Amino acid sequence: MANISFGGLGNGVDFGQVVELLVQVERQPIDRLTQRKLTAQSKLTDFGLLGGRLTSLQSAASSLRTKLSFDKTQISVTSGSTKTPLTATASSGAAQGSYTVRVNQLASAHQIASKSSTAVSSIDTDIVSGGSATFSFQVGSGSIQTVNLDSSATVEDLKNAINDLGAGASASLLNTGTEASPQYRLVVSSTDTGQANAVTITADTTDLDTVGSGVDTYQAALDSEVELGVTDVGAGTQAITINRSSNTLTEVISGVTLNLQAADTVNPVNITVSQDNESVKGAISNFVNAYNNVESFINERKNYKVETKERGVFVGETLPRSVLSRLREAVFSEISGLTTYTNAAQIGFETQTTDGTIQLNTTTLDAALSQNYSAVRELFIANPTTGTNGIAELLIDAVDNLNDIESGALHLRQQGLTDTIADFTAQIDQKETRLVRFEELLRIKFANLDGLLASLQSQQDQLQARLGQ
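Keep in mind that what you see is a predicted model, and the values were worked out from it rather than measured. (Residues numbered from 1 in each chain as written. Predicted model: local features only at pLDDT ≥ 70, side-chain atom pairs only at ≥ 80, totals over all residues. Heavy atoms only, no water.)

A. Local environment of the pairing of strand β5 (residues 132-139). Of the pairings in the sheet, the one linking β5 to strand β6 (residues 145-150) comprises 6 bridges and is antiparallel in character. Pairing of S136 across the sheet is with T146, part of β6. Here β5 folds back onto β6, and the loop between the two strands holds 5 residues, one of which, G140, carries a positive phi near 60°. (Pairing = 2+ DSSP bridges. Helix = DSSP H or I, 4+ residues; strand = E, 2+ residues; numbered from the N terminus.)

Given below as structure tokens:
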């Protein structure tokens, strides 16, 4: 915009101020649109935050949705051994009961070394007598791996070449001599434990001659061995011996992972897997807290504060009430097909009349979990066998419906606000452009008027001067 100024010239009118006032009046529709845009942006932000809380609620419900996710187990491991033979973890579907496990042997990785008779005094010593050499090995029943060496290759080169293959074995150098008189030997180790992963050198034309001279076994390739149960002829029991290539056993006890750490053939390990009601109660409590977070979030934004005359951002919005209605319907529905517990109130869900949040009566819930655990579970889960959909499944469906991209009320409201904000932005930009032009025209008009008044003032001064002569 051109910088147009007004001379004043004693005419008593400040045209610059007049222009500013007229522009302010013309800006009022823009200010109203800007305020409406800010309100829409605030609503969009809070609906986004509401969506986040609904996602958290849905996540809490997911942990109660199926039998596998609902069930929680605890495991205890005791032994008279000072070695800690094993540690154990249990999944939610672990078979409950008491088990006795004895760790007879740990799995180990095969480790072999070239003979001391072919040791070299330096890692840079040439180990190829002819023009070239090969070194081949096999891990278990895998394919034969071959390293090709040129005439100047050293034991360090051979070690690096084996490691570069990444073929289930690694190589290192071991000094079995002294610091002053080193004796380096090649060590080849299987990457994995167990007899099935033993290393066999199939060809070696280097000076190490590990095929002709043989190798020293530093660590045998062993499978782990455990005994499940106790052999007692009088009681008619027989322990079961189990061998695996790993020290991590996942199939000995259903749903339980055993991590073997030390062998102890004398002291058995006693493992007890039991139902963990406290963890189940914690999951239900998390669900209630997530529900209350949604309820409180909406309540804070749909109230009008008389003292401050502040309107909550959700005042006048129907969607928040619809969200709460759908959530309450899902949580407090009467679940058809069930007999013992058919609604949440029976296990301790108490609605607060003041704000609609849920107070969890832990005494009632503890009694229900203790007396009829499976009935509490059925109240929450989706059971494909009986065809019942519990609280968790109903709530997940309710949130999915709200977020549905085609018909979800929350998604559509957010999209509508996004479109409204874009429309306001376009209108404001258009009006701002017009306002700039309006101000330019005003300044030109008043500049012309200012010039005209100045001319008239000059003429008046000239006339007065002549009359006074």
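B. Up close: the nonpolar core. Judged by nonpolar contacts, the single largest core of 54 residues is most densely connected at I284, F287, F349 and F380. Looking at this core, the elements with two or more residues in it are α1 (15-62), α4 (277-301), α5 (319-332), β19 (358-360), α6 (362-371), α7 (373-380), α8 (391-403) and α9 (409-467). In terms of residue count, the dominant contributor to this core is α4 (10 residues). Apart from residues no more than four positions distant in its own chain, I284 is found in contact with L64, F70, F349, L360, L365, V376 and F380. Formed by 22 residues, the second largest nonpolar core is a distinct cluster that contains A133, V139, L149 and A167. (Core = buried A, V, L, I, M, F, W, Y, C linked by side-chain atoms within 4.5 Å. Buried < 20%, exposed > 50% of the residue type's maximum accessible area, 1.4 Å probe, protein only. Contact = heavy atoms within 4.5 Å.)

C. Examining the packing of α5 against α8 more closely. For the pair α5 and α8, the least separation of the axes is 8 Å and the interaxial angle reads 160°. Looking at the two axes, α5 sits roughly antiparallel to α8. Judged by the twist between their axes, the crossing of α5 over α8 is right-handed. Where α5 approaches α8, its residues V323, R326, L327, A330 and V331 are matched on the opposing element by I391, L394, L395, A398, V399, N401 and L402. Across the contact of α5 with α8, the residue classes tally to 10 nonpolar, 1 polar and 1 charged. (Axes fitted to C-alpha atoms, helices over the stretch in contact; angles between N-to-C directions. Parallel < 35°, antiparallel > 145°, perpendicular 65-115°, else oblique. Left-handed = near helix turned anticlockwise from the far one by under 90°. Nonpolar A, V, L, I, M, F, W, Y, C, P; charged D, E, K, R; others polar.)

D. Seen up close, the side chain of S114. With respect to the helices and strands, the residue S114 is situated in strand β4 (residues 111-114). Relative accessible area serves as the criterion here: at 2%, S114 is assigned to the buried category. Not counting residues within four places of it along the chain, the set of residues in contact with S114 comprises R185, L186 and T210.

E. Highlighting the pattern of salt bridges. Tallied over the full model, the rule gives 16 salt bridges. The residue R301 makes a salt bridge to D46 at a minimum N-O spacing of 2.7 Å. Taken together, the residues R301 in helix α4 and D46 in helix α1 connect sequence positions 255 residues apart. Residue E295 is joined to R328 by a salt bridge in which the shortest nitrogen-to-oxygen separation is 2.3 Å. Of this pair, E295 sits in helix α4 while R328 sits in helix α5; the two residues are 33 residues apart in sequence, bridging distant segments of the chain. According to the relative accessible area criterion, E295 is buried, its value standing at 1%. (Salt bridge = Lys/Arg side-chain N within 4 Å of Asp/Glu carboxyl O.)

F. Structural context of the packing of α4 against α5. At a minimum axis separation of 10 Å, α4 and α5 run at an interaxial angle of 155°. One way to sum up the angle between α4 and α5 is to call them roughly antiparallel. Where α4 crosses over α5, the handedness of that crossing is left-handed. Contacts from F287, Y291, V294, E295, I298 and N299 of α4 reach α5 at P320, V323, L324, L327, R328 and V331. Across the contact of α4 with α5, the residue classes break down as 9 nonpolar, 1 polar and 2 charged.

G. The sheet that holds strand β13 (residues 248-253), seen in detail. Across the sheet, 3 strands lie side by side as β2-β14-β13; this open sheet has antiparallel pairing. Strands at the two margins of the open sheet, each flanked by one partner only, are β2 (86-90) and β13. For this sheet the average axis-to-axis angle between neighbouring strands, irrespective of direction, equals 30°.

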